[in-house]
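Single-letter residue listing:
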Amino acid sequence: MKKAIVLAAVCAAFAAPAMAGGKHKHSHHGAYGPTGTQIVVSCFRGPWNDVIWDRPNPVFIDSLVAIGYDFPNAHAIAERVCRDPALVGNPEGLKSTMLRIYYDRASHRKHNY
């Protein structure tokens, strides 16, 4: 009986943040490359406006890999973009920053689209 109560309490504790809604912010913004491939700039934002928990969502990293970056470079770029305090709540800044990185020849893409 105690095990069932403890298990129910643990499940409720894990489900509470998901049901709370609005506590965690996700930022999704797209930028299109010259081939028409969309770069999905998607960052997990913590419950604060400060850059504390911010990190790239997998879709962001995967979209960078899809346009020619290797995984380590894609992850580094996404991490840098998502953790920039000037880009929190700034969709146009996210887009322009990602486009600037994309068009930079030194950004280490495997192939130039």
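Anything mentioned here points back to the structure above.
Here the structure is a predicted model, which is why all the values come from computation and not from measurement. (Residues numbered from 1 in each chain as written. Predicted model: local features only at pLDDT ≥ 70, side-chain atom pairs only at ≥ 80, totals over all residues. Heavy atoms only, no water.)

## Notes on a nonpolar patch on the surface
A grouping of Trp48, Ile52 and Trp53 is seen on the molecular surface, where their side chains present a nonpolar patch of about 340 Å² in accessible area. Along the chain, the position of Ile52 falls in the loop between β2 (38-45) and β3 (55-56). Take Ile52: its relative accessible area is 41%, and that puts it in the partly exposed class. (Patch = residues over 30% accessible without salt bridge, like charges linked within 9 Å, V, L, I, M, F, W, Y side chains within 5 Å. Areas by Shrake-Rupley, 256 points an atom, 1.4 Å probe, with all protein chains shown as cover. Salt bridge = Lys/Arg side-chain N within 4 Å of Asp/Glu carboxyl O. Helix = DSSP H or I, 4+ residues; strand = E, 2+ residues; numbered from the N terminus. Buried < 20%, exposed > 50% of the residue type's maximum accessible area, 1.4 Å probe, protein only.)

## Side note on the packing of helix α2 (residues 58-66) against helix α3 (residues 71-82)
One way to put it is that α2 packs onto α3 with a least axis distance of 9 Å and a crossing angle of 135°. Accordingly, the angle class assigned to the pair α2 and α3 is oblique. Regarding α2 and α3, the two cross each other, and that crossing is right-handed. Counted together, Phe60, Ile61, Leu64 and Val65 of α2 and Phe71, Ala74, His75, Ile77, Ala78, Val81 and Cys82 of α3 form the full contact between these two elements. In terms of residue class, the contact of α2 with α3 is built from 10 nonpolar, one polar and no charged. (Axes fitted to C-alpha atoms, helices over the stretch in contact; angles between N-to-C directions. Parallel < 35°, antiparallel > 145°, perpendicular 65-115°, else oblique. Left-handed = near helix turned anticlockwise from the far one by under 90°. Contact = heavy atoms within 4.5 Å. Nonpolar A, V, L, I, M, F, W, Y, C, P; charged D, E, K, R; others polar.)

## Focus: the state of the cysteines
Taken as a whole and assessed by the stated rule, the structure comprises one disulfide. Between Cys43 and Cys82 runs a disulfide, and the two sulfur atoms are separated by 2.0 Å. Residues Cys43 and Cys82 are joined through a disulfide that is left-handed, its torsion about the S-S bond being -80°. Placement of Cys43 in strand β2 and of Cys82 in helix α3 is noted, with a sequence separation of 39 residues between them. An identical accessibility class is assigned to Cys43 and Cys82; each is buried. (Disulfide = S-S within 2.5 Å.)

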